[in-house]
Structures are given as C-alpha cells and as structure tokens.
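Descriptive analysis of the structure
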Amino acid sequence: MAQALVLQLDDKVIDRLKKRTKKHGWSLQSEVQTILEDAVPDYEGAWKRIEGLRKRLRKSGRTFSVRDLPSFVIFSAPDLNHDLRLLY
C-alpha cells in the first residue's frame, strides 16, 4: 500500500481527529484513512458493478427503473440520478 504524509496540519484539526478516534474506537491512522477513502469513492468500480447487474437483469428478463430505487438513493446521489435515468 502507498503512504501519504500530511504536513502542517493545524493543531485544532488534530484535536478534532483525536476526538473522532475516541468516538469510533479507532487509531488516528484508521480515522484519517477512512476519511480519505470516503472522500474519493471508487465510482469506476461502482459502475462496473452496476453494469454487471444490468447484464444479469437483461438475461433474467426482469425490468428495472429508477422508480424502483428507494427515495433516499435518488435524493442522496443527485449527480448519479441523471446517469441512472440514461441507463434504462
């Protein structure tokens, strides 16, 4: 795995991170790693999984539309809503 070194972080940022680590019961390293992973999600991998699901749906003969998604998915990912509509 690669490593990253972040220099010149404000002490207040470190203090807030340490509070979060206590809340989650993780190390500082784990907390920062989780924050970074959440900040840059693997959209390419997600689209590959979506494409796989589309192929399985087509083979099964079943149908799917954006209306079948729970409302929280539609409203929490507005940037994907347009793309999802184009898929079907």
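Just so you know, these numbers come straight off a predicted model, no measurement behind them.

Thresholds, definitions, all that
- Residues numbered from 1 in each chain as written.
- Predicted model: local features only at pLDDT ≥ 70, side-chain atom pairs only at ≥ 80, totals over all residues.
- Heavy atoms only, no water.
- Helix = DSSP H or I, 4+ residues; strand = E, 2+ residues; numbered from the N terminus.
- Buried < 20%, exposed > 50% of the residue type's maximum accessible area, 1.4 Å probe, protein only.
- Areas by Shrake-Rupley, 256 points an atom, 1.4 Å probe, with all protein chains shown as cover.
- Contact = heavy atoms within 4.5 Å.
- Expected span 1.5 Å × (residues − 1).
- pLDDT = per-residue confidence, 0-100.
- Axes fitted to C-alpha atoms, helices over the stretch in contact; angles between N-to-C directions.
- Parallel < 35°, antiparallel > 145°, perpendicular 65-115°, else oblique.
- Nonpolar A, V, L, I, M, F, W, Y, C, P; charged D, E, K, R; others polar.
- Salt bridge = Lys/Arg side-chain N within 4 Å of Asp/Glu carboxyl O.

Our next topic: the overall build of the protein chain. Along its length, the protein chain carries five helices and zero strands. Reading the protein chain from its N end, one meets helices and strands in the order α-α-α-α-α. When burial is assessed residue by residue, the protein chain has 15% of its 88 residues classed as buried. A total of about 8,000 Å² of accessible surface is found on the protein chain, and carbon and sulfur atoms cover 56% of it.

Assignment of secondary structure puts Glu31 in helix α2 (residues 28–39). If we skip the residues at most four places from it in the chain, Glu31 touches Leu17, Arg20, Thr21, His24 and Trp26.

A word on helix α3 (residues 43–60). Under the 1.5 Å per step criterion, the end-to-end length of α3 is 25 Å for 18 residues, consistent within 8% with the ideal 26 Å. Gly61 lies just past α3 and shows a positive phi near 85°.

A few words on unusual backbone geometry. Despite not being glycine, Gln8 shows a phi value in the positive range, around 60°. Within the element layout of this structure, Gln8 appears in the segment before α1 (11–24). Overall, the relative accessible area of 82% leaves Gln8 in the exposed class.

What follows covers the confidence of the model for the protein chain. Per-residue pLDDT for the protein chain has a mean of 80; in total, 74% of the residues score no lower than 70. Put simply, helix α5 (residues 78–87) is where the protein chain has its lowest mean pLDDT, 51, and α1 is where it has its highest, 95.

Let's shift gears to the packing of α1 against α2. Between α1 and α2, the least distance of the axes is 9 Å, while the angle of their chain directions is 100°. Between α1 and α2, the crossing angle belongs to the class labelled roughly perpendicular. Contact residues: Leu17, Lys18, Arg20, Thr21 and His24 in α1; Leu28, Glu31, Val32 and Ile35 in α2. Each residue belonging to the contact of α1 with α2 can be placed in one class, and the counts come to four nonpolar, two polar and three charged.

This part takes up the pattern of salt bridges. Using the criterion set out here, one finds four salt bridges in the structure. We note a salt bridge from Glu44 to Lys48, for which the minimum N-O separation is 3.5 Å. Of this pair, Glu44 and Lys48 are both found in helix α3, four residues apart, which corresponds to roughly one turn of the helix. Lys48 matches Glu44 in its accessibility class, with the two residues each being exposed. Among the salt bridges present, the one from Glu51 reaches Arg58, with a minimum N-O distance of 3.8 Å. By relative accessible area, which is 28% here, Glu51 ends up partly exposed. Three or more residues joined by partner-sharing salt bridges are found here, namely Glu51, Arg54 and Arg58.

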